[in-house]
Amino acid sequence: MTMAAALNSALDHAMELDDKVIIIGEDVADPAGGVLKVTKGLSTKYGTGRVRATPIAEQAIVGAAIGAALGGYRPVAEVMYMDFTAVALDQIVNHAAKLRYMSGGASPVPLTIRTCIGMQRFGAQHAQSLEAWFMHTPGIKVVMPSTATEAKGLLASCIADDDPCLFVENFAMVFSQKGDVPVGEFRIPLGEAAVKRAGSDVSVITYGAAVHTALEAAEQAAAAGISLEVIDLRTLMPLDWDTVLQSVSLTRRAIVLHDATMFCGPGAEIAARIHEELFEELLAPVKRLGAAYTPAPYAPSGLPFLPTAADVLAGAKQLTG
Amino acid sequence: MVASARARERYPGRPARTSRQRGADGHRTIDCDTTTLESYEPTVRAYAPQHSWEQMVTNTLSETDPTRNALSPADMLRLYRSMRLIAAVDQRINQEVRAGTLNAATYPVRGLEGSCAAVGLNLRPVDQLVSTYRNLGDALAKGSSLDALVAEIYGRLTGASKGKGGAMHLQDQSVGFVTSTGIVGSGIPIAVGLGVAAQLDGSDRVVVTTFGDGATSIGAFHESMNLASLWRLPVIFVCQNNQWGEHTPIAEYAASTDLAGRAAAYAMASARVDGFDPIATALEVRVAVERARRGEGPTFLEVVTYRLTGHSGVSDYSYVPKDALARALERDPVPTFRRRMVEQGVAPVAEIEEIDSQIAAEVDAAFSKALEEPFPPPSERFTDVFADERLVQGL
Ligand SMILES: Cc1ncc(C[n+]2csc(CCOP(=O)(O)OP(=O)(O)O)c2C)c(N)n1
Ligand SMILES: [Mg+2]
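Residues numbered from 1 in each chain as written. Chains lettered and ligands numbered in written order. Predicted model: local features only at pLDDT ≥ 70, side-chain atom pairs only at ≥ 80, totals over all residues. Heavy atoms only, no water.

Engineer: Please clarify how the packing of aromatic side chains should be interpreted in this entry.
Structural biologist: For any pair of aromatic rings, the description rests on two quantities: the centre-to-centre distance and the angle between the ring planes. With the rule as written, the count across this model stands at 14 aromatic pairs over all chains. Ring geometry for W244(B) and Y319(B): centres 5.5 Å apart, planes at 70 degrees, overall edge-to-face. Taken together, the residues W244(B) in strand β5 (residues 244–245) and Y319(B) in the loop between β8 (299–304) and α12 (322–329) connect sequence positions 75 residues apart. The exposure class assigned to W244(B) is buried, which follows from its relative accessible area of 6%. Members of the aromatic cluster, each reached through a chain of ring pairs, are Y81(A), F84(A), F122(A), F171(A) and F175(A). Positioned above the aromatic ring of Y298(A), the side-chain terminus of R121(A) is 4.5 Å from the ring centre. (Phe/Tyr/Trp six-rings, centres within 6.5 Å; stacked < 30°, edge-to-face > 60°. Helix = DSSP H or I, 4+ residues; strand = E, 2+ residues; numbered from the N terminus. Buried < 20%, exposed > 50% of the residue type's maximum accessible area, 1.4 Å probe, protein only. Lys NZ or Arg CZ within 6 Å of the ring centre and 35° of its normal.)

In structure tokens:
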């Protein structure tokens, strides 16, 4: 099953289980069924009352989803690309993330916003990994799966969660990731990292698409006699510090890796925390790898941008050398 | 990263601590797999449109009467040349994308050739244009360099933006083609700001912004319409109403499909014109441009056409009702206008054929040339983020 089908299955079960679950977004209804096909068939099955295709109006999509959440529903809003969350940032940052707190707990917002990271080849406005913006905003959870199975389990948990969750998909992975996804209802709790490969020399702490970069690097490192442990955070808020710190205290070396800009990226927080907690145990400073401090370059060649497996391998050699 | 003068003062004699610079190699660039793009397809399901573009055109608010104000033969030839160039480049891009020899997200402009050329015909090089991802017609009609555009689409160093912006963000500042945005509706307020600058300069230059019908649902559109009207800015809002926003026909996303009518709510002049008729469109644009040059404020122009292709270069459009599409294709602007010119004897057929073959050769040359051009070198990696690239190195 592709990640697209896995996401569809999570939405389908959530809608079947709870008639308060509704979907709102551009082209989400059939016949289109979402521009990436993730909501295919759902409007046919549950009706266009619960699966609402909208005009191109991200502020209204997210704002109305917040309102519906306050009105007792569990909306899943879709913002086609993560870059377009910028258009709805006021609703996400000033409202969804703050309403519970500003109301002293009276107004929780059980909202899920699904969005998708595009591709460098689409240009600088369809390729951004902006998760750090939202991690930096108290009150919204941030979830980024790397496999089809986890996409299903984590999306189901987001929808059932009583807080706003930003669920970040990835254009390439929606189609390329395939797996034996459990049928039926299935959840993976938020805030639990997964050790994707056990190792003893260096912990690579990562999430989303970069998990696959790390796994590729781990293969290459093994051939070079270096054992990498790959930790897939899966959720960035809440973040599974226990797994991160346990792993690093065993390997005593760490790389944090992501496709978001390295400068002020999620890895900065993780590296700082590792240094604070494990300073004496570390054999080397934590190494950060992330996207270069530039907008995503369109040119298919010549302007290096995202970290590669070769960068991870070089980092691991540097730390163990 | 630049060494700080303050830090040098405070810690004299100690070497500056700047971050280690990151190597240029070893970073991956993602290549977009066209098979993946193919699976971006919608499945086939046609549904009846609630109204046709013909009805929208009949219900016109046009101020001009094309039969009375015909364009000069010279202007008609200029229009045709511009339309033909747009069509030739558009066709070639689609061909390359479909063949997998050009790996890019591109947005066809077939059906818009006449309306884009009509805008270009009425603008001077100092006038400015802000476009969208569906920018090719606007870019060429405004006089952008063909070589620089094609090289940009191929991500080459000699491209209009050194290969950094790409197909969705074409620009040629040297001819007033200011920018193209990939975010629906976001170019509109930027055009308003260019209008403010023109007004403050006391210049009679005008600003045009093009956007789709779908963009009229975005808040920024409404905010900008009000501002431009309030400040009587020299801005012309050209809404390219191709009746679709991706998979959604206009009647399914707009409670009122009378887009031109929305201008009244902002006390702004407006007109609806048949965008398949380049002459009618050119005359309507002329009225709006003259109004703006006289300092009499903005105009909203609804240019009614029909999307003759898929939304993007690779997307299928079998969800578009066959009959509506077939009727729209009968008015495909380039062949239609060509026929009209021949029938009216605007130019001898031989002259028109000469234009066609000249343009075909020009386009061939631009594509061959682009493929010979180099990709941007690693030395370009950190340039253009800020004015001073040293701020970025090592980050
Ligand atoms: C803010 C925003 N939302 C959604 C999109 C995705 N998107 C790209 S083009 C498009 C349809 C736009 O329709 P319209 O404005 O009519 O222009 P057309 O493509 O028909 O020329 C959509 C939804 C986007 N680029 N930006
Ligand atoms: Mg449209």
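Engineer: Can you help me understand the side chain of R74(A) in this one?
Structural biologist: Residues and elements named next belong to chain A. For R74, the location among the structural elements is in strand β3 (residues 74–79). For R74, a relative accessible area of 17% corresponds to the buried category. A polar contact of 2.8 Å, which involves the side chain of R74, links it to the backbone oxygen of D161. Only 2.5 Å separates the side chain of R74 from the side chain of D162, close enough to count as a polar contact. (Polar contact = N/O pair within 3.5 Å; in protein donor to acceptor, adjacent residues only side chain to side chain.)

Engineer: Can you help me understand the domain arrangement of chain A in this one?
Structural biologist: One frequently used descriptor of interface size is the decrease in accessible area upon assembly of the parts. All names here are of chain A. Split by domain assignment, chain A resolves into domain 1 (3–176) and domain 2 (194–320). With centres defined by C-alpha atoms, the gap from domain 1 to domain 2 works out at 27 Å. With 21 residues of domain 1 at the interface, the matching set in domain 2 holds 28 residues. Note on domain 1 versus domain 2: buried area summed over both sides is about 1800 Å², and carbon and sulfur give 59% of it. Sorting the residues of domain 1 by area buried against domain 2 places Q120, R121 and M135 first, and these three jointly supply 31% of that buried surface. The tally of links between domain 1 and domain 2 comes to 2 salt bridges. As a salt-bridge pair, R234 and E150 come within 2.9 Å of each other at their nearest N and O atoms. Our count for the domain 1 to domain 2 interface comes out at 11 residue pairs in polar contact (both at pLDDT 80 or more). Among the secondary structure elements, those contributing two or more residues to the side of domain 1 that touches domain 2 are α6 (131–135), β5 (141–143) and α7 (148–160). The class makeup of the residues in the side of domain 1 that touches domain 2 is 11 nonpolar, 6 polar and 4 charged. (Domains from an automatic or database assignment. Contact = heavy atoms within 4.5 Å. Buried area = accessible area lost by both parts, 1.4 Å probe. Salt bridge = Lys/Arg side-chain N within 4 Å of Asp/Glu carboxyl O. Nonpolar A, V, L, I, M, F, W, Y, C, P; charged D, E, K, R; others polar.)

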